[in-house]
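# Breakdown of the fold
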Amino acid sequence: LLSHFRHETKRLGVNVRHEEATADTIQKGKYDAVIVATGSKRSKPKIKGIDKPIAIDFVEALQGKMKGNNIVILATDHEIRCVDVALYANELNKKATLLFTQENATQLATDMGAAESGMQSQAIMDVLPKTPNISIQLGVEPVEITDRGVVVVRNGKKETIPADTVVYVPEFVSNDEIANALEKKGVKAAKVGDCVEPMRLMCYAIHEGHAAAKKL
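This write-up is about the structure you can find in this document. Numbering of residues starts from 1 in every chain and runs along the sequence as written. Whole-chain, interface and lining totals are the exception, using all residues; otherwise, since this is a predicted model, local features are given only for residues with pLDDT of at least 70 and side-chain atom pairs are given and counted only at 80 or more. Excluding hydrogens and water, the side-chain values take into account all heavy atoms of the structure.

### Let's talk about the nonpolar core
Among the nonpolar cores identified, the biggest contains 20 residues, and M66, I73, V85, L98 and V167 are the most heavily contacted of them. Non-local contacts of V85, meaning those with residues more than four positions away in its chain, are made with F58, A61, L62, M66, I73 and V167. Note on terminology: a nonpolar core comprises buried Ala, Val, Leu, Ile, Met, Phe, Trp, Tyr and Cys residues joined through side-chain atoms within 4.5 Å. The classification of residues rests on relative accessible area computed with a 1.4 Å probe and restricted to protein chains. Under 20% of the type maximum is buried, over 50% is exposed, and intermediate values are partly exposed. Within the second largest apolar cluster, 15 residues are counted, among which are L99, V150, V152 and A163. Any pair of residues with heavy atoms lying within 4.5 Å of one another is described as a contacting pair.

Laid out in structure tokens, this is it:
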């Protein structure tokens, strides 16, 4: 897809400027129209110790930044990303442990009991327990990340689950700062893709960008 876009921009003579876009530079450019496709950005969950070097998000984990052999994954409702990290860690011959809170464990059980359970839930309960070096712990509440691992509450008692790397799934929020700044400057801009709503498929950005361009 990227190769196609590169070919088309070159074929059509699109002026690609390799510089940081800001509300000021866009306003100074005096463009006839502005379409903002700045996507989404990651934010860290609110847990004590999240800024420690031992903690990384799932994107960094899939980029090969997991250190050591003992990986603990804070499983959230973004199950598929937790599964991806666990399976990737297993491919690297690392030990992976997924921690599910009681709330997420209950939701997981509900999904499994549904007439059409999700692929993520099936993978968690059917595939992962049979995969070497991957384990699942249900009903634990992470309260702190330390240099030694994750402090959790299980059955009302605190305990530390050792880890060399702790992986979390970040919250994704729309990266609409430029669009909002342009609006304050009185510059009309169309927002497309994850800039409108995070965690959507790439096709939305493509179609919305196309639709915005057709209105020009």
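### Re the sheet that holds strand β5 (residues 95-100)
Consider a sheet: its strands pair through backbone hydrogen bonds, and that pairing is either parallel or antiparallel. If you walk across this open sheet you meet the five strands as β3-β10-β4-β5-β6, and the pairing is parallel. Edge positions in the open sheet fall to β3 (55-57) and β6 (134-138), since each of these has one partner strand only. Adjacent strand axes in the sheet meet at a mean angle of 25 degrees, parallel and antiparallel pairs treated alike. Here, a strand pair is defined by DSSP locating no fewer than two bridges between the strands. Helical segments are the DSSP runs of H or I of at least four residues, strand segments are the runs of E of at least two, and each set is numbered from the N terminus. Inspection of the sheet shows strand β4 (residues 70-74) paired to strand β10 (residues 165-168) by four bridges, in the parallel sense. Simply put, an axis is a line fit to the C-alpha atoms, just over the touching stretch for a helix, and the angle between two N-to-C directions goes from 0 to 180 degrees.

### Quick word on the sheet that holds strand β9 (residues 157-162)
Spatially, three strands are ordered β7-β8-β9 in an open sheet, and the strand pairing comes out antiparallel. Strands at the two margins of the open sheet, each flanked by one partner only, are β7 (141-145) and β9. Ignoring which end each strand starts from, the neighbouring axes of this sheet average 30 degrees apart. Taken together, the six bridges between strand β8 (residues 149-154) and β9 define a ladder with antiparallel strand orientation. Bridge pairing in β9 links R154 to K157.

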